[in-house]
Each structure stands twice: as C-alpha cells, then as structure tokens.
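Fold and contact review
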Amino acid sequence: MNKNIAVIKGDGIGPEIVTEAMKVLDKVAEKYGHTFNYTQLLMGGCSIDVNGVPLTDETIAACKASDAVLMGSIGGDTTTSPWYKLPANLRPEAGLLGIRKALGLFANLRPCVLYSELAGACPLKEEISAKGFDMLIMRELTGGLYFGARKTEEVDGVTVATDTLVYSEEEIRRIAIKAFDVAMKRRKKVTSVDKANVLDSSRLWRKVVNEVAKDYPEVTLEHMLVDNSAMQLVKNPAQFDVMVTENMFGDILSDEASMITGSIGMLASASMNETKFGLYEPSGGSAPDIAGQNKANPIATILSAAMMLRYSFDMTEEADAVEAAVDKALKDGYRTGDIMSEGMKRVSCSEMGDVIAGNI
Ligand code: NAD
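What you see is a predicted model, and the numbers here were worked out from it, not measured in a lab.

What about the packing of helix H11 (residues 316–331) against helix H12 (residues 349–359)?
Where H11 contacts H12, the two axes come as close as 8 Å, and the packing angle between them is 120 degrees. By the angle between their axes, H11 is oblique relative to H12. The two elements H11 and H12 cross, and the hand of that crossing is right-handed. Residue-level inspection shows Ala325, Val326, Lys328 and Ala329 of H11 in contact with H12, the latter providing Met352, Val355, Ile356 and Asn359. Partitioned by chemical class, the residues of the contact of H11 with H12 number six nonpolar, one polar and one charged.

Re the site of the ligand
Around the ligand, the surrounding shell holds 22 residues, and the nearest of these are Gly76, Glu93, Gly285, Ala287 and Asn297. At 3.3 Å from a nitrogen atom of the ligand is found a side-chain nitrogen or oxygen belonging to Glu281. In this structure, an oxygen atom belonging to the ligand sits 3.0 Å away from a main-chain N or O atom of Ser286. Considered on its own, the ligand offers 810 Å² of accessible surface; in the complex 68% of this is hidden by protein. Residue composition of the shell around the ligand, by class: nine nonpolar, nine polar and four charged.

Comments concerning empty space enclosed by the protein
Counted according to the given criterion, the structure contains two cavities of 30 Å³ or more. Computed from the structure, the largest cavity encloses a volume of approximately 50 Å³. Residue lining of the largest cavity: Leu165, Tyr167, Asp194, Leu199, Ser201, Ser202, Trp205 and Glu246, and that is the complete set. The element contributing the most residues to the lining of the largest cavity is helix H7 (residues 200–213), with three residues. By volume, the second largest cavity amounts to about 40 Å³. As for the second largest cavity, its lining consists of Val113, Leu114, Tyr115, Leu118, Thr261 and Met266. A class-by-class count of the residues in the lining of the second largest cavity yields five nonpolar, one polar and no charged.

Some points on the domain arrangement of the protein
Interface size, as often reported, equals the accessible area lost upon joining of the parts. One can read the domain layout of the protein as domain 1 (1–108 + 266–360) and domain 2 (123–260). Computed from C-alpha atoms alone, the centre-to-centre distance between domain 1 and domain 2 is 25 Å. Taken together, the contacts link 15 residues of domain 1 with 14 residues of domain 2. Here domain 1 meets domain 2 over a buried area of about 1,200 Å², counting both sides, of which 61% is carbon and sulfur. When the area that domain 1 buries against domain 2 is broken down by residue, the three leading residues are Phe106, Asn108 and Tyr311, summing to 55%. Where domain 1 touches domain 2, the interface holds two salt bridges. Residues Asp314 and Lys185 are paired through a salt bridge, measuring 2.6 Å at the closest nitrogen-oxygen approach. At the junction of domain 1 with domain 2, the criterion picks out six residue pairs in polar contact (both at pLDDT 80 or more). Sorting the residues of the side of domain 1 that touches domain 2 by element identifies strand E4 (107–114), strand E11 (268–272) and helix H10 (299–312) as the ones contributing at least two each.

The rules behind each value
Residues numbered from 1 in each chain as written. Predicted model: local features only at pLDDT ≥ 70, side-chain atom pairs only at ≥ 80, totals over all residues. Heavy atoms only, no water. Axes fitted to C-alpha atoms, helices over the stretch in contact; angles between N-to-C directions. Helix = DSSP H or I, 4+ residues; strand = E, 2+ residues; numbered from the N terminus. Parallel < 35°, antiparallel > 145°, perpendicular 65-115°, else oblique. Left-handed = near helix turned anticlockwise from the far one by under 90°. Contact = heavy atoms within 4.5 Å. Nonpolar A, V, L, I, M, F, W, Y, C, P; charged D, E, K, R; others polar. Near = heavy atom within 4 Å. Polar contact = N/O pair within 3.5 Å; in protein donor to acceptor, adjacent residues only side chain to side chain. Areas by Shrake-Rupley, 256 points an atom, 1.4 Å probe, with all protein chains shown as cover. 1 Å grid on protein atoms, 1.4 Å probe; cavity = no way out; pocket = protein on both sides within 12 Å on 5 of 7 lines; lining within 4 Å. Points joined across faces, edges and corners; volume = space filled by probe spheres on them. Domains from an automatic or database assignment. Buried area = accessible area lost by both parts, 1.4 Å probe. Salt bridge = Lys/Arg side-chain N within 4 Å of Asp/Glu carboxyl O.

Given below as structure tokens:
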C-alpha cells in the first residue's frame, strides 16, 4: 500500500521522538512492502519563528491532502520562551486547537496500557497492578461543557457564572459509532460513561448509545455512572476495554487512567473524524527540560504510529508487529531515563528507536 503521511515534528522533544517513530514506520514499510511518503510541516513554536503564526493555511491544506497526520508535540517553556509573550491566539497551543478544528477531529482515543515490566511504576496496590490492564478511553472532543454558551453576570448584586452542557443526538451518535468500531478491533466491550441519574444530556447520551449498539451485536455494552467509573478505574482497571464518554468526563477520566500507567512517555493518542482520517501524537508535551539531549522516551510516539497503522490504514498485522516490538524491547530490559529502574539497560531516545525497529 502507498500512504501519504503529513508529519509535524513540532517543538522541544518533538523532532527527536517523531524521527524514531518514522524509523519504525520505515522498517514496517520495508518488511510488509508498503510505501510511506512523508510531507514535513511546521506547526507550533517552530512555525511562529518562520511564519509569524503557529498554524498556516498551507499546513492545514497539506494535512487535509494526506491519509493521516503524525505529530510530535508543540510548545516551549511557558515561563521563559518568547512564544508566551505573544497574545493567546498566536501562541504555539493555538496551532493545536486550530488544526483539530480545521480537520474536524471530534474523537480522542487514548489507550492506557500497564505493561507487566513497568508494573512497579503503577501507583495502585500490587494485587491490582499485577493483573495489568489494556484499555482505551474515547473522549468526545468538540462538544459539551467546554463549547457550550457561558457567561458571568451580576444578578441582584451577586456575581453568577453559567456554563452550558449541550449535546445533539448527531454528536453522540458519531462518537458512539467510533467507539463500537474501535471495540470491534479490540476485545469487543464498550463501557459508556454518563451521569444519567442527574443530567438530561446524559439521558440522551444513553438513549443514543443504546440505539447504536443494536448495529453491533458482537459488542457487549454496559453503562456506568461517571462517579462509579472514577472509582472502578483505580479498583479494577482490568475490567475495561473501550470506555466512551463526553468531553469533560473524558478529560478527567483519561488523566486518571494515564496516571495509573505510571509514565507519560508511554502514552499514545489519536484524534479522529468520521472517516478513517486521524492525527496521531503522544499524550505528553514538548518536555523542554530534556529537549535536544536525546533522552526522551519515543515509545508513546511509536505506539501512536501503530495506532495510525491500525485505525487509519487498516494494517492490523503491521500494528500488532510494532506493539510486539515495543513489548520485546521492554522485556529485554531496554529503558529510557523516565522508565529506568535498577538492573535495566539505560538507552537514549535514538537507541530505543533502533532497538524497536530492529525487533520488527
Ligand atoms: P510535558 O509533558 O512536556 O512534561 C512533563 C514532564 O514529563 C517533564 O518532566 C518531561 O521531561 C516529562 N516527559 C514528557 N514527555 C516525555 C517523554 N517522551 N520522555 C521522557 N519524559 C517525558 O508537560 P509540560 O512541562 O507541562 O509542558 C511543556 C510544554 O508542552 C508546554 O509548552 C505545553 O503547553 C506543551 N504541551 C504540548 C502538548 C501537545 O503538543 N499536544 C501537550 C501537553 C503540553
């Protein structure tokens, strides 16, 4: 297969970690007879330096013309970088919001996997972490409380602030379909999280998810209240496969789920639209404290590239091979500084990329 990949290396550790993901993709292409054509694009701080703005129309057009986007991270040190003296709409992060909007990316997918080799980094009790877990949180990204009407006003001399949580059935349907599609490629279980005992928007959420479920008879659906979900995540995370939820609940639960995996450098993510198109990036930021030192952990970005193979290109075998290559590198004791523990082999960012590519 021939695929066109837009590559945004970005700022800080971005260029280092994306280079390693491309190394692994090139090995996949070689082994499985594919051609990956890369178009390198600027976004974030590096685009501000060259173009005066964090995101240009040319970058948006080139992303739209590609089959998928692979991204590193954007932004710099928020206290010392001159980028943060600019107005908010010209700062690096404005590029991130702008590209998500321009590409219509409404579904955020965050796998949370606890590798048995890294179980020591999991803050949960050993009897829970010993079981490991492999779940994916799908968060609605463009609706709900963060996008509803809001105001702060004086009412009878008292300041009152209002935020509005709005969802249409179309918005719920498209994210539910995405969740069931992803579950079909995993262990075929969907947990839909809401607050249907209180909120009208959650009752509509539950109704629409039930309707969509009828088209996926192989998938087991359960509904769970958000407060219970927060407890279950730390009590028994192994019970979850795909968890789908609205924007704010997903924001909070996905951070809780990432914490229990132990390391930010291991967490992949994807943002998708209705089609197979997606933007794939590590969950972490640009880590300015270690940028340019060849110390960053490239695994999150490599696993994001594996998600691109699986969800945008339907290359299941290839995605499995990348994930197995990461597993083997960990089993063989290779560790970047952030996941280093006694008795393991400390490697640089590029050495970790070499080891994983070598395992393909
Ligand atoms: P961060 O995720 O960049 O760093 C937090 C800590 O995690 C740091 O100690 C860093 O060294 C470590 N870390 C992160 N990724 C790592 C990796 N791959 N390997 C090893 N260690 C890693 O968060 P921050 O310091 O709050 O933010 C730094 C910059 O990144 C800011 O400008 C912020 O706006 C930006 N940011 C960008 C994105 C994005 O591009 N999607 C996301 C979050 C933050």
